[in-house]
Amino acid sequence: MARGQRGQAAVELVALLPLVALLGLLAWQAVVAGQAVWLSGAAARAAARADALGGDAQAAARRVLPRSLARGTRVVGEGDGAGDVTVRVAIPAVVGGVELAAVRTRARFAPQEG
């Protein structure tokens, strides 16, 4: 092995570590965004069901979501038991904790006879 090539693999590895870390963060951010999209549907259905039954739609939506997603959640509905609500779930950034985007999901649950 030539004298000038010793340690070249270690230098290349150190040079690639930031790229590997960035790719890992981007992959994790995609997982968090996918979870927010998936769970926003469940939260909207729970909120619509609660609204149709005369319950608290906001609380029902928040119970479905993990704490990190429940923080930025807003439920907009008629509040008259119509069972038609829209849930807005914020997608938090993996690093920094700021809101990157939001997902809006609408659900309807037929009003129930009480």
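Just so we're clear, the structure is a prediction, and the values are computed from it rather than from any experiment. (Residues numbered from 1 in each chain as written. Predicted model: local features only at pLDDT ≥ 70, side-chain atom pairs only at ≥ 80, totals over all residues. Heavy atoms only, no water.)

## Regarding the pattern of salt bridges
Taken as a whole, this structure holds two salt bridges when the rule is applied. Notably, a salt bridge pairs Asp 84 with Arg 106, separated by 2.5 Å at the nearest N-O pair. With Asp 84 in strand E2 (residues 84-92) and Arg 106 in strand E3 (residues 99-108), the pair connects residues that are 22 residues apart, well separated along the chain. The partner of Arg 88 in a salt bridge is Glu 99, and the shortest N-O contact between them spans 2.4 Å. Of the two residues, Arg 88 sits in strand E2 while Glu 99 sits in strand E3, which places them eleven residues apart along the sequence. Residue classification places Arg 88 among the buried positions, given a relative accessible area of 11%. Under the relative-accessibility criterion, Glu 99 is labelled partly exposed at 42%. (Salt bridge = Lys/Arg side-chain N within 4 Å of Asp/Glu carboxyl O. Helix = DSSP H or I, 4+ residues; strand = E, 2+ residues; numbered from the N terminus. Buried < 20%, exposed > 50% of the residue type's maximum accessible area, 1.4 Å probe, protein only.)

## With respect to the sheet that holds strand E1 (residues 74-77)
Pairing between the strands of a sheet is mediated by backbone hydrogen bonds and can be parallel or antiparallel. Taken together, the three strands give an open sheet; going across it, the order is E1-E2-E3, and neighbouring strands pair in antiparallel fashion. The strands lining the two open edges of the sheet, one partner per strand, are E1 and E3. Direction aside, the axes of adjacent strands within the sheet are offset by 20° on average. Sheet topology note: the E2/E3 ladder contains nine bridges and is antiparallel. Of the residues in E3, the one forming a bridge with Asp 84 is Arg 108. (Pairing = 2+ DSSP bridges. Axes fitted to C-alpha atoms, helices over the stretch in contact; angles between N-to-C directions.)

## Quick word on the nonpolar core
By size, the foremost hydrophobic cluster in this structure holds 18 residues, and its most contacted members are Ala 47, Leu 65, Leu 69, Val 75, Val 87 and Val 89. Broken down by secondary-structure element, the contributors of at least two residues to this core are helix H1 (8-52), helix H2 (57-64), helix H3 (67-70), E2 and E3. No other element matches the six residues that H1 contributes to this core. If near-sequence neighbours (up to four positions away) are discounted, Leu 69 is found in contact with Gln 35, Ala 36, Leu 39, Val 89, Ala 90 and Pro 92. (Core = buried A, V, L, I, M, F, W, Y, C linked by side-chain atoms within 4.5 Å. Contact = heavy atoms within 4.5 Å.)

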